[in-house]
Amino acid sequence: MPRANRRRRDLESRPLAGSGEVGTEVHAGRPWHVRRLTGASSSREYRCPGCHQGIVAGTPHVVVWPAQGVGGIDERRHWHTRCWAARHAARP
């Protein structure tokens, strides 16, 4: 019988390497956690949902995920810093 007192890993609390503090900002009427990354820990390319262009590995950018409701790591998105800053000016 397995031990019942083993601690389970919570994937949603897994930190992002090389990152700073997490802030909360609003986008599309919802609060989002926002973490600014220096890019030093980035080892792969991501696709920015703001401009649909690639974020080259090593480029400073922001990572956002829902602050409320269902989500977490699966809902995490990587944005160019300038695209996240201009998200309110974008057309729907």
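Let me begin by describing the structure that accompanies this report. Everything numeric here is computed off the predicted structure, so don't read it as measured data.

1. Section: the pattern of salt bridges
All chains considered together, the criterion is met by two salt bridges. In this structure, E25 and R36 form a salt bridge, with 3.3 Å as the shortest nitrogen-oxygen distance. Placement of the pair is E25 in strand β1 (residues 19–27) and R36 in strand β2 (residues 30–37), with a sequence separation of eleven residues. Assessed through its relative accessible area of 45%, R36 is described here as partly exposed. Here the salt bridges share partners, and the residues they tie into one network are E25, R36 and R87.

2. Topic: the environment of R77
Inspection of the secondary structure assignment puts R77 in strand β6 (residues 77–80). On the accessibility criterion, R77 (37% relative accessible area) is partly exposed. R77 sits eleven residues away from P66 along the chain, and the two C-alpha atoms are 9.6 Å apart. Ignoring anything within four residues of it in the chain, the contact list for R77 reads P49, V62, V63 and V64. One polar contact links the side chain of R77 to the main-chain carbonyl oxygen of D74, over a distance of 3.4 Å.

Conventions adopted
- Residues numbered from 1 in each chain as written.
- Predicted model: local features only at pLDDT ≥ 70, side-chain atom pairs only at ≥ 80, totals over all residues.
- Heavy atoms only, no water.
- Salt bridge = Lys/Arg side-chain N within 4 Å of Asp/Glu carboxyl O.
- Helix = DSSP H or I, 4+ residues; strand = E, 2+ residues; numbered from the N terminus.
- Buried < 20%, exposed > 50% of the residue type's maximum accessible area, 1.4 Å probe, protein only.
- Contact = heavy atoms within 4.5 Å.
- Polar contact = N/O pair within 3.5 Å; in protein donor to acceptor, adjacent residues only side chain to side chain.

By themselves, these are just geometric observations and shouldn't be taken as functional.
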